[in-house]
Each structure stands twice: as structure tokens, then as C-alpha cells.
There are 2 protein chains.
Amino acid sequence: MRDVAALAGVSLKTVSRVVNDEPGVSPSVRDRVLVAAGRLDYRHNLAASNLRRGGARTGVVGGLVQDVGNSFSATMLRAVEDALRPRSILLLAASLDEVDVREREIVENLLSRRVDGLVLMPASDRQDYLSAEVRAGLPIVFADRRPAGIDVDSVTVDNRAGARAAIEHLLAHGHRRIGILTDLASIPTSARRVEGVREAYAAARLPLDDSLLVRDIRDAGTASTVAAGLLDLDDPPTAFFAARNVIAEGVVRELMRRGLQRRIAHVGFDDLPMADLVDPGLTVIRQDATRLGECVGERLLARLDGDDSAPRHTVFAPTLVVRGSGEIRPGT
Amino acid sequence: MRDVAALAGVSLKTVSRVVNDEPGVSPSVRDRVLVAAGRLDYRHNLAASNLRRGGARTGVVGGLVQDVGNSFSATMLRAVEDALRPRSILLLAASLDEVDVREREIVENLLSRRVDGLVLMPASDRQDYLSAEVRAGLPIVFADRRPAGIDVDSVTVDNRAGARAAIEHLLAHGHRRIGILTDLASIPTSARRVEGVREAYAAARLPLDDSLLVRDIRDAGTASTVAAGLLDLDDPPTAFFAARNVIAEGVVRELMRRGLQRRIAHVGFDDLPMADLVDPGLTVIRQDATRLGECVGERLLARLDGDDSAPRHTVFAPTLVVRGSGEIRPGT
DNA sequence: AATGCATACGACAACGTTGTCAACCGAGCT
DNA sequence: AGCTCGGTTGACAACGTTGTCGTATGCATT
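Predicted model, so just to flag it, every value in this text is computed and none were measured.

Caption draft 1: Broad picture of the overall build of chain A. On a plain count of helices and strands, chain A comes out with 12 helices and 12 strands. Here chain A has a C-alpha radius of gyration of 26 Å; the compact-globule value for 332 residues is 20 Å, and the former is much larger. Reported as C-alpha extents along the three principal axes, the dimensions of chain A are approximately 90 × 40 × 30 Å. Within chain A, the proportion of its 332 residues that are buried is 55%. Considering only residue pairs separated by 6 or more positions, chain A has 66% of its internal contacts joining residues 24 or more positions apart. Accessible surface, chain A: about 13800 Å² in total, of which carbon and sulfur atoms supply 50%. Between the mean site of the 44 positive side-chain charges and the mean site of the 46 negative ones, chain A shows a separation of 4 Å.

Below, the structure written as C-alpha cells:
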């Protein structure tokens, strides 16, 4: 900027006025400055500008999700991005992969960068390390998971009710032995779904065979292997509940491999792009990632606009989408 | 920081030494400073630090893709993120949606923020507005599309060869009327694929019926509609080539709706998560988004490490994945 | 006792900006 | 001629840090 000022024969402040489109600069001077800036490849330094302007906004919010590449996380992030675009707020995105120390590290990093807000799909089980920021009024919105240890906005899905609906659907179709494949037990989302499963059994006054409940499944390949193991039991399940999208994918693959896709029922949690195109169509508990993301974005903007009302916890009800796989009766 | 210094009864510089883990601070003073910092909710300000340290790194790179929510873009970004994580470099992600002014705006914004590098899946047809940055040595890597107007690293797939392989595969199976559904003609990627189609026809000395070539298809719904229109012709196609993942999804859906999925052949470009699970399995030209992203990340790191060799253009060969839908013969 | 030396700490300037305030200029007024 | 006034422009400090250099202290050496 100093060089531009020198080349244009004006003061620093005048260059500042020009790059900020402030009034009170004669057209001829403005032109001289712009030419000089162009010739010197000058770029305005937003960091210095933000620093000088004091507590002003940086125009960046952090978006920490489970996996930027997963369709659920990615779709949600996209919706958040769309909500922020009108204000030209950028998104600093990162994947946590359920690793809690990574969450801590990245959050600290983002806070040092003075992000204007945080969207968090946490990997940790408590987030009290954020309490200073909460006190300071930093906008934080939890996505897909509830905060623990601090009280801030959250937008989640009723996982318990969704899982319960899935199991009730299968029970209603006559199934009594249901293979239940679920994610890391440490993830609250996953824990809630297991609770929903137990609730459904309890409500139906039926016993849940714990040997059919397998936890800590992280990818489609493992899901296939686990499904295979259950199918090889002497008394195999007549139905599966896959508590996450990649798990459902693995189960479908194993059922197809064995040609059992029309004989073993299957309900997934979380929709997959082509779930309606497999045969039979995959019955799922759908959670609308776009709607969730929109709501997260909305909350964040409200907080950025100074809304300091009590934290709001929005819970969306997931919906059962009937497509065929979940309506197969035992012994077909 | 001033407050922390005052509370701890030390100078600014000493606090700076403590927060930066510099040597030469006695344990007792260090403790006093840390306690004071904790009590005052002090956070180190990275922007000010970077400013003072001069041209040092900001630890952020921009990642501009077509759509953060699309599986191809998202998977690629994820791979880039993984490559950058060991250096704790963060990714500022944004979707361009093929809107070229948005690309300009966001890139300018990122440059003002002094990002350390740029990953760009461009929406514009020329990027000469970046030439000053190229001259200045800013690491820029193009993903999935070649740069135009500037010369920087790029990592792409051979779209022409991929499309040609798809058409040759269908021609080899006896098809002569192939419905070709493709994305915006203005996207170079898309244009290359159409070139590949023409090449295949030319090599086989067969005429290409332009009425079967439909461009500017942006989503699965439109793809379904277009496929329906072609199927309703007096002389309908016996095969489809869907030149992008969402288009393939739409075509599959329409074929299934009409129960034609075993009678009309279909080859897609770009894999879909469950493409092997539909019946018949979807034959595709697969491009490995993860591998592409890894390569982009690698190039970026090399440039960040000072590699100033001539720009490298890595081209991956997409592979034909045979699953059934592409091997149906006409008149089955 | 005088010297050397390492260790711990602080004063100050600078990074690239911008808000504040003062200075200048020519035009229009009394 | 002296005045005010709106429109331009510039000097300076400050934002929160850190690199440089200087100073003070304690301790071992001669």
C-alpha cells in the first residue's frame, strides 16, 4: 500500500479510501491510485484490515463435520454454505472422523483465527472447552448432535424415534430376529439409535437378542462381513436394521451377493442417493440433510445478527420411506 | 495480551514468549502468565501474529469446487484435506455451481485473505485474472479441469478417452442409435466428453445422429425427462451414454420406471456409490476422485515446499467398469 | 575485587491497515 | 479584503503481535 501511495503520489490514507470505496476522493486521484495498484499487483490485505478495524467480523465460519466426503455431511455443509453466501461468509471446512483430539485442535485453531462462528458436528463427548467462547457470545450451532457441557443452539434428528420406527416397522411385519448393525457406541447419535431399538422391543414386550446387535461398524466392507457372520448363524436373522448409510450399503451388497435381497428384510437409517433404484428398493428412515443444514445456517445467521435469546434445540423427525426391502415378511 | 501481561506482572514480550513456547522464560513466570491467560480467557490472535511475522504462511488454502455437496467434488476435497492435515493447513471450501462471476469473487476474497494456495475446479473459461498471483508464485492447482490463460499445475482425467471408450463399448455391442446426455456445453470437461463421443463415431466410420445428443442437462430430474423424450421417438435409441453421475442416475430411474433396464443398454461417466447394486449393475467409466484429490494435495504441498519447476499436467486414465448395463445388445 | 558470561526479562519498532482530526484549497459570501 | 464553507487530502496513532537489541541479575572465573 505504501508503494502504491508513492507511485500514485498520494498518501497512504488516500489509497485506503480508494480501495474501500470511500467517498471524498476526486476521480482523477482515484484513477491514479487504481492504475498504480494495478501496476504493482497490489492486493488489499484483509487480515490487517480486520485487525485495525478492531473486533469487526472476519467473514469466516468454521464447519467441522464427521467427514467432508460423506454424503450426509457434505449435503449439510452445502446447505450451510448456501445460507451464508448472501453475506459472503466463507466456510472453513474440516473432517473430524470421530477423533476428539482433532476436534479440539481444529477448534482452537479456528478460534485463534477469530472465526465469526462455528458449526460443529462434534466428535468429543463433552465440549466444555468452549465455555469461554459461549460466554463471550460466539455463535455456535451444533449439527446432528446435541452439545454436552455447554448450552448452545443445536439442530438434530430424533434418532431414537427414527430407530424405534424402523424396528416397529420390522416387528409389525412379523420379524422377531433382527440383525442390528450400528456405528461406534461412543457416538451419541449411534447410542440414541440403539436406545430407540430397545424401546421398540420393550414396547412390544419382546426380548432383544444382544447377539444380533453389533456395534462399532465404521464402513461398508465391515458391514458386509458382519452381515455375513449373522447370516451364517444356525438361527440367522430374518431382517436387518442398518443404523447408518454406509452400513446399509454393505448389508445390501452382502444380501445381493447371496441372492437374499427378496427374502431378508432390510431397513436403513439415512438415505442413499440410489436407494430407490436397487431391487427391491431400500426402505429407509430418511433424515433430510439439506433441511438440517438450512436450519443450521439460519440459526447461525440469527446469532450473527445479535439474537441472544436462550439456545434453541431444533429436532427434526426423520421419516420412514417405504420402498420394498423393509416390507418383506419372514420366511418368504 | 496487554491485560495478561499486566495481570501477570510481566511485559508483553514475555507473554508472547510463553504463548509461543519460546525458551528463556523461568518456570515460575511461565506459570504466572498461563494462569493470567486462563483467567482472562485470552486467545492468541493468529491474524496479528501472521501480520507481524511478515510474509509467513497463513495455514489456509482455498478449495473451490463445482459443488461441495456432490459426491465427486466432496470426495476429492476430502482427499485434499487429508493431504494437508499433517501440516495443519485448513481448507476454505466453496461451491461455484458453474457460475463464473462467483469464481472471481471468491478467488479475490481468498487472495485478500492471503491464502497459502488454491485448489480450483474452475467455472470460468479463462483464468487470466490470476496471472499476477501465478507470477508471484502462489501455489495453484487445477482439479478436474485444465487451466486456460495461465499455466499452472493441473490434475485431470482424460475425458475424451473415457467418453470414447464408453461409445466404443456400446458400438462393439452392436448399438447404432445411442442417446447421449451431457452437461452444460460450456464446461470444458463436458465438451471433451462430447469430442470423445464424436471421435468414437468417426473412428468407426459411423454417422452421429445429432438429434440423439442432448446437452445442458444439470440434474437427475431433467435427465429422466430427456431420456423419456428420446425413448418416445419413433426410432428410439437402443442405448444411453450418460456423461455425468447425476445424469446416469436420472436415466436409470427412467429406464426402471419403464421396465426397460434389461433391454436398453446404458453406460455412465463417473461412478455412483451404489452403481454395483442396481440390477443390472451400471457399467461406468470410473474416475477415481480420491486418487485425483491425493494427487492435487501432493502437488500443492510440493509447491508450498518451494518446488518451482514447470507446471505439471497430470492426466489420469478413467477405467471402464463392466457391470451389466453396458453389455446389453440391441433388440434384447 | 574485578571480570566474564549465561540467563531472564523488557523497551521499542514494525507488520498493513484505517479512524480521527487537522490542514489545505478555491468558491461564494458580506 | 476578509470570511466561511464544502470538498479533498494528509499526518498520526492504533489494532495485537513478534524480532531485535539492550539491560539487569546471579554466578563462576581470574
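Caption draft 2: Spotlight on the pairing of strand β4 (residues 140-143) of chain B. Residues and elements named next belong to chain B. The alternating pattern of β4 places Ile140 and Phe142 on one face and Val141 and Ala143 on the opposite face, and all of these are buried. Of the strand pairs in this sheet, strand β3 (residues 117-120) and β4 are connected by three bridges, and their pairing is parallel. Pairing of leucine 118 across the sheet is with isoleucine 140, part of β4. For the segment spanning β3, helix α7 (residues 131-136) and β4, crossover handedness is right-handed.

Caption draft 3: Summary view of the protein's contact with DNA strand C. Contacts to DNA strand C come from 27 residues, most closely from A:Ser16, A:Arg52, B:Thr14, B:Arg17 and B:Val29. Atoms of DNA strand C within 4 Å of the protein belong to the sugar or the phosphate in 59% of instances, the rest to bases. Among the secondary structure elements, those contributing two or more residues to the surface near DNA strand C are α2 (12-19) and α4 (46-52) of chain A together with α2 (12-19) and α4 (46-52) of chain B. Across the surface near DNA strand C, the residue classes tally to eight nonpolar, 10 polar and nine charged.

Caption draft 4: Focus on the side chain of A:Ser73. Residue and element names in this part refer to chain A. The topology assignment puts serine 73 in helix α5 (residues 71-84). Given the relative accessible area of 1%, serine 73 is considered buried. Of note is the side chain of serine 73, whose polar atom sits 3.3 Å from the backbone oxygen of aspartate 67. Serine 73 has contacts with Val65, Gln66, Asp67 and Met121, leaving out every residue within four places of it along the chain.

Caption draft 5: Here's a closer look at the protein's contact with DNA strand D. If you check the shell around DNA strand D, you find 27 residues, and the closest are A:Thr14, A:Arg17, B:Ser16, B:Asn20 and B:Arg52. Here, DNA strand D places atoms within 4 Å of the protein, and 57% of those atoms are sugar or phosphate. One nitrogen or oxygen atom from the side chain of B:Ser16 is found 2.6 Å from a phosphate oxygen belonging to DNA strand D. Within the backbone of B:Asn45, one N or O atom sits 3.1 Å away from a phosphate oxygen of DNA strand D. Among the secondary structure elements, those contributing two or more residues to the surface near DNA strand D are α2 and α4 of chain A together with α2 and α4 of chain B. Tallied by class, residues from the surface near DNA strand D come to eight nonpolar, 10 polar and nine charged.

Caption draft 6: Region of interest: the domain arrangement of chain A. Each domain of chain A was delimited in the assignment, giving domain 1 (2-44), domain 2 (60-157 + 290-316) and domain 3 (159-288 + 320-327). Taking only C-alpha atoms, the centre of domain 1 of chain A and the centre of domain 3 of chain A are 64 Å apart.

Caption draft 7: Molecular detail of the interface of chain B and chain A. Across the boundary between the two partners, chain B contributes 53 residues, which contact 53 residues of chain A. Here chain B meets chain A over a buried area of about 4600 Å², counting both sides, of which 54% is carbon and sulfur. Of all residues in chain B, the largest losses of buried area upon contact with chain A belong to B:Arg43, B:Met274 and B:Leu277, amounting jointly to 17% of the total for that side. On the surface where chain B and chain A come into contact, there are 12 salt bridges. A salt bridge links A:Arg78 to B:Asp67; the nearest nitrogen and oxygen atoms lie 2.8 Å apart. Within the residue set of the side of chain B that touches chain A, elements represented by two or more residues are α4, α5 (71-84), β2 (90-95), α6 (100-112), α7 and α11 (245-257) of chain B. Of the residues forming the side of chain B that touches chain A, the biggest block, seven residues, is contributed by α6(B). Residue classes in the side of chain B that touches chain A are distributed as 26 nonpolar, 11 polar and 16 charged. Examined bridge by bridge, strand β2 (residues 90-95) of chain A and β2(B) share three bridges and lie antiparallel to one another. Paired with A:Leu91 across the bridge in β2(B) is B:Ala93.

Quick notes on the rules
Residues numbered from 1 in each chain as written. Chains lettered and ligands numbered in written order. Predicted model: local features only at pLDDT ≥ 70, side-chain atom pairs only at ≥ 80, totals over all residues. Heavy atoms only, no water. Helix = DSSP H or I, 4+ residues; strand = E, 2+ residues; numbered from the N terminus. Rg over C-alpha atoms; globule rule 2.2 N^0.38 Å. Buried < 20%, exposed > 50% of the residue type's maximum accessible area, 1.4 Å probe, protein only. Contact = heavy atoms within 4.5 Å. Areas by Shrake-Rupley, 256 points an atom, 1.4 Å probe, with all protein chains shown as cover. Lys, Arg positive; Asp, Glu negative; His and termini not counted. Charge placed at Lys NZ, Arg CZ, Asp CG, Glu CD. Pairing = 2+ DSSP bridges. Right-handed = clockwise from strand over helix to strand, strands pointing away. Near = heavy atom within 4 Å. Nonpolar A, V, L, I, M, F, W, Y, C, P; charged D, E, K, R; others polar. Polar contact = N/O pair within 3.5 Å; in protein donor to acceptor, adjacent residues only side chain to side chain. Domains from an automatic or database assignment. Buried area = accessible area lost by both parts, 1.4 Å probe. Salt bridge = Lys/Arg side-chain N within 4 Å of Asp/Glu carboxyl O.

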